[in-house]
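The chain contents come next:
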Amino acid sequence: MHREELMSTPQSWAGIVRTPPGSASGWHHHGEYDSYIYGISGKTRLEFGPGGKESLEGEPGDVLYIPKGIVHRELALGSEEGEAFLVRVGKGEPVINVDGPAN
């Protein structure tokens, strides 16, 4: 994933994220940040919940919401690069990598 910061304050972050086709992020959460993702291109799946067995998918025009502290990972589906506008509202460390979700 490539994140390009557009602006940042002590309580928010906004930017563009680009994800290569077929890639997956590691498991992580955003600490005390709520995250809002607006899909620009490509198709994305978010996996979360006990054992990572829950998921939702988004495509261009969709807005995905990730509440603070939710362990998840993103997968870029298909053959097109994913691009999204990302806004985080909160404080502290914006990305905290973990081994995976609890079962």
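Notes on the structure in this doc start here. Source: prediction; values computed, not measured.

Observations concerning the overall build of the chain
Within the chain one finds zero helices and ten strands. The helix and strand sequence of the chain, counted from the amino end, reads β-β-β-β-β-β-β-β-β-β. The C-alpha atoms of the chain give a radius of gyration of 13 Å, which matches the 13 Å a tight globule of 103 residues would have. Viewed in the frame of its principal axes, the chain has a C-alpha envelope of about 35 × 35 × 20 Å. Looking at the chain residue by residue over its 103 residues, the buried ones come to 37%.

Let's talk about the side chain of E47
Considering the arrangement of structural elements, one finds E47 in strand 5 (residues 43-48). Using a relative accessible area of 13% as the deciding quantity, one classes E47 as buried. At 2.7 Å, the side chain of E47 forms a polar contact with the side chain of R73. Excluding anything up to four places from it in sequence, E47 contacts W27, G52, E54, S55, V71, H72, R73 and L75.

Digging into the pattern of salt bridges
All chains considered together, the criterion is met by six salt bridges. The salt bridge partner of K43 is E57, with a shortest N-O separation of 3.3 Å. Separated by 14 residues along the polypeptide, K43 in strand 5 and E57 in strand 6 (residues 54-58) bring together distant segments of the chain. Taken together, the salt bridges that share partners define one network made up of E4, R18 and E83.

Quick look at the sheet that holds strand 7 (residues 63-66)
In spatial order, the strands read 1-2-9-4-7; together these five strands make up an open sheet with antiparallel pairing. The sheet terminates laterally at strand 1 (2-9) and strand 7, the two strands that pair on one side only. Averaged over all pairs of adjacent strands, the angle between their axes in this sheet comes to 20°, without regard to strand direction. Sheet topology places strand 2 (residues 12-19) next to strand 9 (residues 82-89); eight bridges connect them, and they run antiparallel. Opposite W13, over in strand 9, you have R88 as the bridge partner.

Re the nonpolar core
Core analysis: the biggest nonpolar cluster contains eight residues, these being W13, V17, I37, L46, L64, I66, A84 and L86. For I37, the residues in contact, after removing those within four places along its chain, are D62, V63, L64, I66, A84, F85 and L86.

Here's the deal with the environment of Y36
Within the fold, Y36 resides in strand 4 (residues 34-41). Once the C-alpha coordinates of Y36 and E54 are considered, the two residues, 18 residues apart in sequence, prove to be 18 Å apart. Once residues lying within four places of it in the same chain are set aside, the contact partners of Y36 are L64, Y65, F85, L86, V87 and V89.

Calculation criteria
Residues numbered from 1 in each chain as written. Predicted model: local features only at pLDDT ≥ 70, side-chain atom pairs only at ≥ 80, totals over all residues. Heavy atoms only, no water. Helix = DSSP H or I, 4+ residues; strand = E, 2+ residues; numbered from the N terminus. Rg over C-alpha atoms; globule rule 2.2 N^0.38 Å. Buried < 20%, exposed > 50% of the residue type's maximum accessible area, 1.4 Å probe, protein only. Polar contact = N/O pair within 3.5 Å; in protein donor to acceptor, adjacent residues only side chain to side chain. Contact = heavy atoms within 4.5 Å. Salt bridge = Lys/Arg side-chain N within 4 Å of Asp/Glu carboxyl O. Pairing = 2+ DSSP bridges. Axes fitted to C-alpha atoms, helices over the stretch in contact; angles between N-to-C directions. Core = buried A, V, L, I, M, F, W, Y, C linked by side-chain atoms within 4.5 Å.

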